[in-house]
Amino acid sequence: MRNYILKRLLIAIPTILGISIVIFLIMHLIPGDTISAMIGTQYKLTEAQAQSLRAYYGLDKSLPEQYILWLVNALQGNFGLSVRAGTPVLSEILSRFPLTFELTILAMIIALLVGLPIGILSAVKRDSILDLFGRLLALIGMSLPNFLMGTLIIYILSVYFNASPNSGDYVDFTTNPAANLQQMIFPAITLGFAFSAAVMRTARSSLLEELNKEYAQTARAKGNREQRVILKHCLRNTLIPIITLVGFQMGYLFGGAVIIEEVFALPGMGRLLLNAISQRDYALVQGTIVFIAIIFVLVNLLTDITYAFVNPRIRYD
Amino acid sequence: MTSRSFRKTTFGRLLRHRSGTVGLVIVLVYLFIALASPWITPYSPIAQHTKDRLKSPSSAYVFGTDEFGRDILSRMMAGATNSLRVALISVTVSGFLGTLAGILSGFLGGWAENILMRLMDLIFAFPAILLALSISAALGPGDSNTILAISIVYMPIFARVARGSALQIKEMEFIEASRSLGASKLRLILQHVVPNSLTPTIVQVSLALSWAILTEASLSFLGLGTLPPSPSWGLMLSDSRKLMELAPWMAIAPGMAIMGGILGFNLLGDGLRDVLDPRLRSGSGMNK
């Protein structure tokens, strides 16, 4: 087991390095840099001032040099300065991260709370009205884009309930949990809905498969009631693919959170990223994307390890 | 006799697959509107009827008008052209390049496989929408950049699918037979591996199209895709947000269009998978 974890960790390092190179290259595909973007706008820089600013931000060096410099700094937790705000990129990211993290976790909880029971019931009562309803729900969940659902929720809330989830300042969880949850619940439902469809589908097909396996037949043959066969024997194995799904979807939820935050006007990492993009604050864009990608890789790593724990068969390949 | 053999073809079997048929019909309707929209829209999609701003749906404007007095039905239809054009081009590019990379790495193995698949893994290591977003952010908004972003992001999926089939086919006896007859590697790939590995790719194309429509709409919604005043569903939906309480029809029409498109290609893809690959049928069984 320890070897397995070590091996996975060693694979993660080149992946993260590769990601940082890719992001770095993408960000430098852009014609012109932040400084020349500034010249045209409110700052009215002379060419000489622009040169010294470029030197200050290290933008006058060659690409590989810039990358190495950036990497060495990043390894020490220094992702550079946000050119617009003048603050360190990492502190900007860390101040926005808790919101996005909370949104992702809440969405995941909602998706599991909705998707698991419906998926399990759908499999147990196959081809019943309930199953049909569940499958319909899964179909809608798959094809309803989250930004559309968010827009509809805001519309319904403001027109029929006279509530506007978008107004007012964001309150964080530690200051006032109740007010915070009130603000977060609809964005979380929006983000979690599509994922609950995926959970439902996986739970249903996985349980159906388990119910037909030989050990389930044996359990039935021993005289167990069907309920016990499902709860005691099959459910546990059904959960294995769900764990994988949850792990691998976590990263996608993070990506989805970017859009949801924009729809619901929440000041998380997604809005940080989109604002940075529109203000051409490349250090901030680069830092945020690398940060999210690293989290994505780490969560996948954790998923692999958890998977190896619950399913010993794959540990030794 | 003819009807019996028709029932056995892929197409015939797809027609007996209920949700697959629904998907096929939706896809055909979308394709028709997308192709014919320059001739069949009731008004020009960018003409501003300044006297008729924010009109609710009526016989003159079936889905109402927006804040510039533009006909929403016409914009929706022209939006189909835009959305499907982006989706079809990007899926063609990513499907071609991804399949090529997958087949080459699966069939040749060795260093070619290592380089190609590591590259694909790297793309795969990002949350898809985020990578598309960063590429669009770097290159700037606009259709061609959206196409590039979607193509790059979806490439690894095609590569994995194709590599899987190529690996299987490589070991089959008819390949060995052909090789012992002196066929070159190129001939083996073109004559045998490519045609035999296309089935799972066809399924993937339909699913990729639904994803591409979603991504194009998301990017446009965030202001990183199609540029105004070109009609795009994502952009229309984004514009509708500030006028939501006044003119909800501005959101409903593009919303339905996006959802229908995604649903259609998804159902068709699932149907094709059930029909083309019976091994996977027992597992999912969701959309029958």
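Everything below is about the structure printed above this text.
In this report, the structure presented in the accompanying data block is examined.

1. Details of the overall build of chain A
Across its full length, chain A holds 12 helices and 0 strands. Ordered by position from the N terminus, the helices and strands of chain A form the series α-α-α-α-α-α-α-α-α-α-α-α. The buried share among the 317 residues of chain A stands at 37%. In chain A, the share of contacts with a sequence separation of at least 24, taken over all contacts with a separation of at least 6, comes to 73%.

2. As for the overall build of chain B
The helix and strand inventory of chain B stands at 13 helices and 0 strands. Over its C-alpha atoms, taken along the principal directions, chain B stretches across nearly 75 × 55 × 35 Å. Residue burial in chain B is summarised as follows: out of 288 residues, 49% are buried. Expressed as a percentage of contacts within chain B between residues at least 6 apart in sequence, the contacts between residues at least 24 apart total 71%.

3. So, the interface of chain A and chain B
Listed by partner, the interface residues are 41 residues for chain A and 34 residues for chain B. Elements supplying a minimum of two residues to the side of chain A that touches chain B: α1 (2-27), α6 (129-143), α7 (146-160), α8 (177-211), α10 (226-263), α11 (269-278) and α12 (282-310) of chain A. Considering every element that reaches the side of chain A that touches chain B, the biggest residue donor is α10(A), with 8 residues. Of the residues contributing to the side of chain A that touches chain B, the split by class is 28 nonpolar, 9 polar and 4 charged.

4. Things to note about α7(A)
Each α-helix winds once per 3.6 residues, and so residues spaced three or four apart point in a common direction. Residue and element names in this part refer to chain A. Counted at 1.5 Å a residue, the expected span for α7 with its 15 residues is 21 Å, and the 21 Å between its end C-alpha atoms agrees. Residues of α7 that are buried include every one of Asn-146, Phe-147, Leu-148, Met-149, Gly-150, Thr-151 and Ile-154, and no others. One or two positions beyond α7, positive phi appears at Asn-162, with a value near 55°.

5. Here's the deal with the packing of α6(A) against α8(A)
Residue and element names in this part refer to chain A. Two elements in contact, α6 and α8, have axes separated by 8 Å at closest approach and are oriented at 135°. Taken together, α6 and α8 sit at an angle that is classed as oblique. For the element pair α6 and α8, the recorded crossing hand is left-handed. Of the residues in α8, those touching α6 at Gly-134, Leu-137, Ala-138, Gly-141 and Met-142 are Phe-193, Ala-194, Ser-196, Ala-197, Met-200 and Arg-201. Residues of the contact of α6 with α8, tallied by class, amount to 7 nonpolar, 3 polar and 1 charged.

6. Concerning the environment of B:Ala112
Residue and element names in this part refer to chain B. Tracing the backbone through its elements, the reader meets Ala-112 in helix α5 (residues 110-124). Here the alpha-carbon distance between Ala-112 and Ala-101, two residues 11 residues apart in the chain, equals 9.0 Å. Residues within four places of Ala-112 in sequence aside, it is in contact with Leu-104 and Ser-105.

Rules used throughout
- Residues numbered from 1 in each chain as written.
- Chains lettered and ligands numbered in written order.
- Predicted model: local features only at pLDDT ≥ 70, side-chain atom pairs only at ≥ 80, totals over all residues.
- Helix = DSSP H or I, 4+ residues; strand = E, 2+ residues; numbered from the N terminus.
- Buried ≥ 20, exposed ≤ 12 C-beta atoms within 10 Å, placed from the backbone.
- Contact = placed C-beta atoms within 7 Å.
- Nonpolar A, V, L, I, M, F, W, Y, C, P; charged D, E, K, R; others polar.
- Expected span 1.5 Å × (residues − 1).
- Axes fitted to C-alpha atoms, helices over the stretch in contact; angles between N-to-C directions.
- Parallel < 35°, antiparallel > 145°, perpendicular 65-115°, else oblique.
- Left-handed = near helix turned anticlockwise from the far one by under 90°.

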